[in-house]
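# An overview of the molecular structure
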Amino acid sequence: MPDETQTTYDSLKLENQLCFPLYAASREIMRKYTPLLRNINLTYTQYIVMMVMWERRQLTVGELGNALYLDTGTLSPLLKAMEEKGLVTRTRDSKDERVVTITITEAGNALKQQALSVPQQMGKCMNLTPEEAKCLYTILYKILG
């Protein structure tokens, strides 16, 4: 009969944790994105904001936070820096000052052309077939709920 204590301790081994390969893979992906994004003067978080902005053009900070799984405490300084770069504008709602609307600028929209090569370059860095990438994408979004 297996030792229940050993089985319990085995659950604490790093090799048995789903969180660790997710964490390590995330760090590795960020490491690969860094030089590509440096070429277009964006951090990774600014890049994902811009991807939403290129698609939506205008939305509230709350809507952006929901799309990116980020809270306003993270987004506020990020958006301030992006506004200083001329990529977006922030406007408070005249009826409710708690609501801030983010709008992409012409410069922000022009950056889209420079960013076109980033997904292709990242695809070359990944040791995944297109089918594996699609499967992983599906599993990760399942985890996110």
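This structure is a prediction, so every number in the text was calculated from the model and none was measured.

This brings us to the pattern of salt bridges. This model, assessed by the stated rule, comprises six salt bridges. A salt bridge links glutamate 83 to arginine 90; its shortest N-O distance comes to 2.8 Å. Under the relative-accessibility criterion, glutamate 83 is labelled partly exposed at 27%. Classification of arginine 90 as partly exposed rests on a relative accessible area of 34%. With its nearest N and O atoms 2.9 Å apart, the salt bridge here joins arginine 98 to aspartate 96.

Before going further, it helps to spend a moment on a nonpolar patch on the surface. Judged by side-chain polarity, Leu18, Leu22, Leu128, Leu136, Ile139, Leu140 and Ile143 come together as a nonpolar surface patch covering roughly 590 Å² of accessible area. In terms of residue count, helix 8 (residues 130-144) provides more of the nonpolar patch than any other element does, four residues in total. Structurally, leucine 128 is set in the loop between helix 7 (117-125) and helix 8. We classify leucine 128 as partly exposed; its relative accessible area is 38%.

Procedures and definitions
Residues numbered from 1 in each chain as written. Predicted model: local features only at pLDDT ≥ 70, side-chain atom pairs only at ≥ 80, totals over all residues. Heavy atoms only, no water. Salt bridge = Lys/Arg side-chain N within 4 Å of Asp/Glu carboxyl O. Buried < 20%, exposed > 50% of the residue type's maximum accessible area, 1.4 Å probe, protein only. Patch = residues over 30% accessible without salt bridge, like charges linked within 9 Å, V, L, I, M, F, W, Y side chains within 5 Å. Areas by Shrake-Rupley, 256 points an atom, 1.4 Å probe, with all protein chains shown as cover. Helix = DSSP H or I, 4+ residues; strand = E, 2+ residues; numbered from the N terminus.

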